[in-house]
Amino acid sequence: MIIERELRTRKDLVLLLLDWLRPLKTCYSPGAARLLPGDTAAHYSRNAAGMEGYARVLWGLGPLFAQEASGLPPETQAEIEEWKALVLRGLINGTDPRHEEYWLDVGDYDQKMVEMAAIVNALLLAPGVLWDPMTARQRENVVRWLAQINGHEVHGNNWRFFRILVNMFFKRKGLACDEGRLAEDWQVIENCYEGGGWYYDGHPGQKDYYIPFAMHYYGLLYSVSMEEQEPGRCRELRSRGRLFSEDFLYWFDKDGREVPFGRSLIYRFAHSAFFSALVYAGGSDRLPVLKHMILGNLRYWSSMPIFDNGGILTIGYQYPNLIMSEHYNAPGSPYWGLKTFLVLALPEDHAFWQCGEEEPVYEGHRFLEKAGMLSIHEKSGHVLLYPAGQHSFNFGNTIAKYQKFVYSNLFGFSVPRGEQLEDGAFDNVLAVRRKGEKGWHMKDGDRKCRVTEHYVSLDYEPVKGLEIKTVIVPLRLGHVRLHYVHTTVEAELADGGFAIKKEDKADMAPDMISVTPKEVSCECPWGNAGAVCLAGEGDPRLITAFPNTNIMYGSTVIPTLIYKLQPGDHFLAGYFFGDGASERVSREVPGLRMAERGTMVKIVYGPEEILIEETP
């Protein structure tokens, strides 16, 4: 089911939200305290998953309830009133320990802590709907249930904001809060701040979408609620958000389509939630640009097949796909993406709704120093992120989500279903296997790495006996990879390019595929992708990946260069390119020149000469 709306006005956004939520009404429990729109499992209980589903819808409904609906059509007003009654009933029953749908008490590191943020945000945005109508006893139940978070252990990452927001709510309501916990949690958050607007999410090697849609998002919510009590901190949180936005815009194309990278991609349109929070907090004077990014991102996602036939959001990315999910993805989890609807809390006469839209203007090449990556905006509209030093805990296919050489808004990336070239789907990575081994391996972390203005350098040992330095040099179109390999064993290496979809309105025809002794490429009506061997004895092949390995396309092929190496030192190089069909760019294969005993490489690309000096 695909529902597309024009998305220009606040009314358009209200109607889209209701379109997306309406199919959920039949999925609520009788007491409305649980919402479980599917049968797949997460690492937490079904009770917690049902409570999660209930709460995540509030990321959209809370902002909706914050403003009067009097200007909307009568049938829309009536539907909103039904939602108000349903949500209030669920909150009352879920926090009542005597009710059969009680959400149960909270334990250490409990998933229910995560969902408290949506509840307190909705309570603060719409007290006339969710707080004032309660009896004194019902309010006591809500407070008692929320206060349990102060008595339990919380992860030392963005989770600390859940406890901060609960105590913030208590302060706003004149209730007792835990000042000791607040101080402790703010210290954790401050320790994660690295300057320039950038945090890391509890783990120094993790700079992903949790920085915008968690660390900054919650901080910006705090800056609005606590402006009078803590003006200094609130100013700083908005300032950090403004700084961050200048870099974060480079993770998107001019129409608001993001580069998929890292974990929790099932939240999809949550990637633009940061922009909504920045607008809501008054943290930017670039309203036309932010409006374009928010609405453009929602337009893109509303045109994708991300709902099932009943209208329920699925687990996946550009199509339903459990293979790329994490262990904390329950059936209701994708509705976390409703955080982007925070702008509905702004009144109709707010400058955000009154201004026009404006496309951002990008530098073609941007060094995101604090993020440890290069962002490239090619003329075709292709946006690429070249990261280094990224790492995360194992949440499910984490290596593929952080360790590829490049991530793309047009080609996405692939996650493995096995260890062979086809089921491993090794796009944009160097896969290796020693002689006699059946399975292929990709790197899991770097011994050392660095990002400069012009290239990314990675040192790693994917298997014992094979040491590799890879230097990746982005060009106007595509990039060059230089591999310095020292191996003590016979080995095969597979250098994979962009995974291009096999079919669009028709299958990929034989005349769209070209394989020569030095190059493999696909030139299709829907896009191009290829790999060219520049140094070494590379064997070009087109690998047909297993279905559902790529997060954007169910069926793909991967242009790949295969090398067979004897023990010793080797220098390999390849050129990898890809673009879409909307604006083709003429391709020119770069040349290489070696100098000074192989420690210096000159890449010649048209009139450009790029000198790379990296000691193997």
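See above for the structure.
Residues numbered from 1 in each chain as written. Predicted model: local features only at pLDDT ≥ 70, side-chain atom pairs only at ≥ 80, totals over all residues. Heavy atoms only, no water.

Asker: Quick one: what's the story with the overall build of the protein chain, residue by residue and with numbers?
Answerer: A count of helical and extended segments in the protein chain gives 16 helices and 22 strands. For a compact globule of 616 residues, the expected C-alpha radius of gyration is about 25 Å, and the protein chain comes in at 25 Å, within 12% of that figure. Viewed in the frame of its principal axes, the protein chain has a C-alpha envelope of about 80 × 50 × 45 Å. Looking at the protein chain residue by residue over its 616 residues, the buried ones come to 64%. Sequence-distant contacts, at least 24 apart, represent 66% of the contacts inside the protein chain between residues at least 6 apart. (Helix = DSSP H or I, 4+ residues; strand = E, 2+ residues; numbered from the N terminus. Rg over C-alpha atoms; globule rule 2.2 N^0.38 Å. Buried < 20%, exposed > 50% of the residue type's maximum accessible area, 1.4 Å probe, protein only. Contact = heavy atoms within 4.5 Å.)

Asker: How would you explain the sheet that holds strand E5 (residues 383-387) if you had to name every residue and give the values?
Answerer: Taken in spatial order, the 4 strands line up as E3-E4-E5-E6 in an open sheet, and their pairing is antiparallel. This sheet does not close on itself; its edge strands, each paired only once, are strand E3 (365-368) and strand E6 (407-408). (Pairing = 2+ DSSP bridges.)

Asker: Describe helix H7 (residues 136-147), listing the residues and the values that go with them.
Answerer: At 3.6 residues per turn, the α-helix brings residues three or four places apart onto the same side. Look at H7: 16 Å from first C-alpha to last across 12 residues, which is about the 16 Å you get at 1.5 Å a residue. Buried residues in H7 make contact with helix H2 (46-56), helix H4 (74-94), helix H5 (111-125) and helix H8 (160-172). (Expected span 1.5 Å × (residues − 1).)

Asker: Any details on unusual backbone geometry? Residues and values, ideally.
Answerer: Even without glycine at this site, Leu 7 takes up a positive phi of about 60°. Backbone geometry at Tyr 109 places phi at a positive 50°, although glycine is not the residue there. Structurally, Tyr 109 can be placed in the loop between H4 and H5.

Asker: So, helix H9 (residues 179-191): which residues are in play, and what are the values?
Answerer: Spanning 13 residues, H9 covers 18 Å between terminal C-alpha atoms, matching the ideal 18 Å at 1.5 Å per step. Taking the backbone nitrogen of Gly 180 as reference, a side-chain oxygen 3.1 Å away marks Asp 178 as the first, capping residue of H9. (Polar contact = N/O pair within 3.5 Å; in protein donor to acceptor, adjacent residues only side chain to side chain.)

Asker: Quick rundown of the pattern of salt bridges? Include the residues and the values.
Answerer: In this structure the tally under the stated criterion is 44 salt bridges. Where Glu 52 meets Arg 56, a salt bridge forms, and the shortest distance between an N and an O atom there is 3.4 Å. Of this pair, Glu 52 and Arg 56 are both found in helix H2, 4 residues apart, which corresponds to roughly one turn of the helix. Judged by relative accessible area, which is 0%, Glu 52 ranks as buried. (Salt bridge = Lys/Arg side-chain N within 4 Å of Asp/Glu carboxyl O.)

Asker: Lay out the packing of helix H1 (residues 10-21) against H4 in plain terms, naming residues and giving numbers.
Answerer: Direction vectors running N to C along H1 and H4 enclose 55°, while the axes themselves pass 12 Å from each other. Taken together, the axis directions place H1 and H4 in an arrangement best described as oblique. Of the two possible hands of crossing, H1 and H4 adopt the one that is left-handed. Mapping the contact onto sequence places Val 14, Leu 15, Leu 18 and Leu 21 in H1 and Thr 76, Glu 79, Ile 80 and Trp 83 in H4. Each residue belonging to the contact of H1 with H4 can be placed in one class, and the counts come to 6 nonpolar, 1 polar and 1 charged. (Axes fitted to C-alpha atoms, helices over the stretch in contact; angles between N-to-C directions. Parallel < 35°, antiparallel > 145°, perpendicular 65-115°, else oblique. Left-handed = near helix turned anticlockwise from the far one by under 90°. Nonpolar A, V, L, I, M, F, W, Y, C, P; charged D, E, K, R; others polar.)

Asker: Got a sec to walk through the environment of Asp 427? Specific residues and values, please.
Answerer: As for its position among the elements, Asp 427 is in the loop between helix H16 (421-424) and strand E7 (430-434). C-alpha separation for the pair Asp 427 and Ile 558, spaced 131 residues apart in sequence, amounts to 6.3 Å. Asp 427 has contacts with Lys 404, Gly 412, Phe 413, Ser 414, Gly 496, Gly 497, Ala 499, Asn 550 and Ile 558, leaving out every residue within four places of it along the chain.

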